[in-house]
Structure formats: structure tokens, C-alpha cells
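These are the residues of each chain, in order.
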Amino acid sequence: DFRMDLSLALLYGVVCLAYLLALESRRLSDYLIWGVCVGMCCLVRATAPVYLMIAFFPLVMGQILNSGFKVAVREIWKLVAGALLALSICLWFYIINLEHLHYYYFVWNTDANVKLPWAHALKHFDMVQRQLSWSFWILIGGLLSVGFFGQFKVEKRWALLQLPYSSRLAWMALAPLVLLIGRRMGLNPFVSMPTAFLLHLWIVGMIVASHDLTFWKLNRVAVTLVFFCAVAFSLGRGYIKHVLTTDGLMEAHKQVIAVIVNDAKAHSRDAVHYGAAQLVDIDPSALEAVLRFDMPAVKHYGLAMSLDGVQLMPSRLFNRPAQVNWNGIPYAENPKLGTESQQRANWLAEQAQLKIDYLLVPKPATAAQIELLSDDVVIHRYALSILSALTERFNGGWRRLPDTFHGRNGREYELWTTVAH
């Protein structure tokens, strides 16, 4: 997901810059380049058309309405040519995958359909702020300092706010944020990256445009030093964070895998299914990724993996982040069997005992925290009910392993195994 969101952020920015260039030159060739960029952007992320429609519809309408009739006709023709080229590049993908895309975004996708309270939806501003890195602020501060010592012209900078390119770029930067907040979507930290990327360009552009080109040429040594410091800081911080610093969650994942393998070998199990009763901190998909990419000793047999002679297979039983996944759990409309959520929690516990050899579960305080703070994932809304249903079955047929595994914010987990299958 991050790779696709990063591609969307970069190509969304390219599309916006291509449009501004076409608007400046008025050449058909530049509108066609814009169309190519739109088509490529729509292929890297299926949500791109929504972002682009929100961003460009008011700009295109303003462009047409503010032109005379003859100019408007020429502009419409060029825009249509660019749009048709974009459709020729990407429309096939949406036609082929229409049914799946409808299910993914309109039925399954929790983030797209969650409808957060407005107070929570406004936290998307905080997500954007996180994307504006310290390296960026070093760059901004450095350029401002160069401009200040070079007789920075404040009145000219504010005059730039009235220029068409500046206001349009600002809107294109804010359009994804308007969509996320207006639709009250889930707080995915990556989907606001297009806004952060264009805000970088807009702020740097405002500063650079505050002086003519001659000024920046005369101060090119200082400007080069500013860029060097920003890049060096970014590289150094990344090296410290990703190479010199140990990620506690990575170690927790490896610890879970090691405990499973050692216990399986001690009890002569050569193939086991592992699962987790939650989708936060440590979950089967993350464990599978650690096995596949971060443990060189793991042997791969297609999708299957083994470590020290034990074949490890993930269980997706509790992988139910969306309402449609939760609704797929059977229950009977019989009050004697308990509420709907209790019946579904009991069904998950029964299936876990039948199909999972090692199950990671939250401790009671952790389950309460998950239910309170992570309710955007549907199965987390029933974390305590699921833990209660599992605990009833742990008294017979399960064995608790002695280790405790630590997640973020003080969350703790236990590992249970079936006595025999």
C-alpha cells in the first residue's frame, strides 16, 4: 500500500505541474503530456481519478469560464485531447477490474466508508503535518534566511499570492485533504501524501519567486549549502532510525516466530498454522512478511515457508477489518445463544481451536485498549468479546506459553497453543 501511495503522491504532483505548464504555454503538445501523466497516475493507484476530479474540475471550469468564447473553444479542444489520451492509457484497467474495484472501495474498504466524527476527521491535518519532515523545514528556514539577508521583498512575496499559478497550486495541494475530511475517511497516514508533496512545492516556489533569477545565481553557494544540509540531515536521520536503531516491533515479531518454532520442535510438530486475534502491533500478515523478507534462514517453497524444519502457515481467520468481513461470520437469530456479536465471537473461538496451532491474543487490558482506540478496524470493536470466548476454551485443549510479547503503547500479548490436533 505504501509503495502505491508513494507513487500516487509523486505522480499526482507531476500531473499538477504538467497542467500548470500547459496552462502557461497553451500548446497542444503540453496538454497531451498532461494527458499522459494523468493516465500513468490513474494506473498506479485506483483512487487517483477521485483525487484528480476533485482537484481539476473547479480549475478547468474556471479556466473555461474566464476565457472568451473563441479562446474557450480552443482550450476545451486541447483539454479533451489530453483527457482522451489519458483514457486510452488507463481506461482498460478500470473496465477489466470494475467489479473488484467496486467491491474493494465501496463494500470492503473500511477507510473509505468509515464516516469518522468530524473531530476525528480533522486529524487528517495532523497526518499532513507529519509528512512535512524536519528536512523540509531546514530547507525552508535556509532559503528564508538567504532571502532575508539578500533584502527579502515581503511585499513582492504577498503579491505572488494573487498569481494564477500560486492559487491553483495551493488548491491542487489541498484538494486531497478536502476529499479526506469531507468524506470523513479513516486516518490512513499515507493517503494525504499528495497534499504534503505539493505543499512542499508551493512553499518552496513562493520563496524562490520572491527574488529574480539573478539574485539566486549570486547566492548559489548559500543555496547549494542549504540543500546539502537538508539532504544530509534526511540521510543521517534515516540511517539512525532504520540501521542503528532497533525497531521493537520487529524484534517482537521475530520473538513470536522463534517461540513458535522452538515449541513446535519440542513437541515434534513439523507443520503448524499460526494466527493472531487482533490486527494491531503483531498480526499474521506482518509475521509472514518478517519471515519472507527479514529472516535469511527461512526456506521458501512458493507461498509456503519453513524455519529449522518447521513449516509455518498463516491463518487469516481473524483477518476481518471491514464490516463485510465481520458480517460473513455465521450466527443464528436465537437470543438463547447470545447476542449477534457473542455468537460470532464464539464461532471464531471454535474455529481457532480447530484450525490454528499457535494463537497470539491480547491480555485483558490490551484488549480493552484495542477496543477503545482501534475501532476503525471492525473486529477490534469486539476485542473483549473475542477474548472472553477464547478464554472459555483455553481451560481445555490449550496451553499457554510463558513468554509475553510487547507492542506499542504498553500493549502486551500472550501466545497459546493447542495441546494436540
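Keep in mind that this is a model prediction, so the values were computed, not measured.

Student: What am I meant to see in the packing of aromatic side chains here?
Tutor: To describe a pair of aromatic rings, you give the distance between the ring centres and the angle between the ring planes. As enumerated under the stated definition, the model contains 10 aromatic pairs in all. Note on tryptophan 92 and phenylalanine 93: the rings are 6.0 Å apart at their centroids and 85 degrees apart in plane angle, and the pair reads as edge-to-face. Residue tryptophan 92 is classed as partly exposed on the basis of its relative accessible area of 46%. Overall, phenylalanine 93 belongs to the partly exposed group, its relative accessible area being 22%. Ring geometry for phenylalanine 394 against tryptophan 416: centres 4.1 Å apart, planes inclined by 5 degrees, an arrangement best described as stacked. You can see phenylalanine 394 sitting in helix H20 (residues 383-394) and its partner tryptophan 416 sitting in strand S7 (residues 412-418), a full 22 residues away along the chain. Chaining the aromatic ring pairs together yields one cluster made of Tyr19, Trp34 and Phe56.

Student: What is the right way to look at the packing of helix H2 (residues 28-44) against helix H3 (residues 48-65) in this model?
Tutor: Working note: a packed helix pair is described by the angle between its axes plus the distance between those axes. At a closest axis distance of 10 Å, the pairing of H2 and H3 adopts a crossing angle of 155 degrees. Relative to H3, the element H2 lies roughly antiparallel. Crossing of H2 against H3: the hand is left-handed. Contact with H2, carried on its side by Tyr31, Trp34, Val38, Cys41 and Cys42, involves Ala48, Pro49, Leu52, Phe56 and Gln63 of H3 and no other residues of that element. Per-class residue counts for the contact of H2 with H3 are 9 nonpolar, 1 polar and no charged.

Student: Looking at this model, I keep getting lost on the nonpolar core. Mind explaining?
Tutor: The tendency in soluble globular proteins is for nonpolar side chains to be buried as a group. With 56 residues, the main nonpolar core has Tyr12, Tyr19, Phe56 and Met172 as its most contacted residues. Sequence-distant contacts of phenylalanine 56, that is, excluding residues within four places in its chain, are made with Val15, Cys16, Tyr19, Trp34 and Met172. Residues Ile257, Tyr274, Ala276 and Tyr358 belong to the second largest nonpolar core, which totals 32 residues.

Student: What am I meant to see in the pattern of salt bridges here?
Tutor: Two side chains of opposite charge can pair, provided their charged atoms sit close to one another. Taken as a whole and judged by the stated rule, the model has 12 salt bridges. Between arginine 292 and glutamate 288 there is a salt bridge; the shortest N-O distance is 3.7 Å. Residue arginine 292 and its partner glutamate 288 are both found in helix H16 (residues 284-293); the two are separated by 4 residues, about one turn of the helix. A relative accessible area of 25% means that arginine 292 is categorised as partly exposed. Arginine 400 is the salt-bridge partner of glutamate 414, the closest N and O atoms lying 3.2 Å from each other. Placement of the pair is glutamate 414 in strand S7 and arginine 400 in strand S6 (residues 398-406), with a sequence separation of 14 residues.

Student: What is the right way to read the environment of aspartate 30 from this model?
Tutor: Relative to the helices and strands, aspartate 30 is located in helix H2. Distance from aspartate 30 to valine 107, taken between C-alpha atoms, is 38 Å for residues 77 residues apart in sequence.

Reading the values: rules and limits
Residues numbered from 1 in each chain as written. Predicted model: local features only at pLDDT ≥ 70, side-chain atom pairs only at ≥ 80, totals over all residues. Heavy atoms only, no water. Phe/Tyr/Trp six-rings, centres within 6.5 Å; stacked < 30°, edge-to-face > 60°. Buried < 20%, exposed > 50% of the residue type's maximum accessible area, 1.4 Å probe, protein only. Helix = DSSP H or I, 4+ residues; strand = E, 2+ residues; numbered from the N terminus. Axes fitted to C-alpha atoms, helices over the stretch in contact; angles between N-to-C directions. Parallel < 35°, antiparallel > 145°, perpendicular 65-115°, else oblique. Left-handed = near helix turned anticlockwise from the far one by under 90°. Contact = heavy atoms within 4.5 Å. Nonpolar A, V, L, I, M, F, W, Y, C, P; charged D, E, K, R; others polar. Core = buried A, V, L, I, M, F, W, Y, C linked by side-chain atoms within 4.5 Å. Salt bridge = Lys/Arg side-chain N within 4 Å of Asp/Glu carboxyl O.

Taken by themselves, the reported measurements are silent on function.
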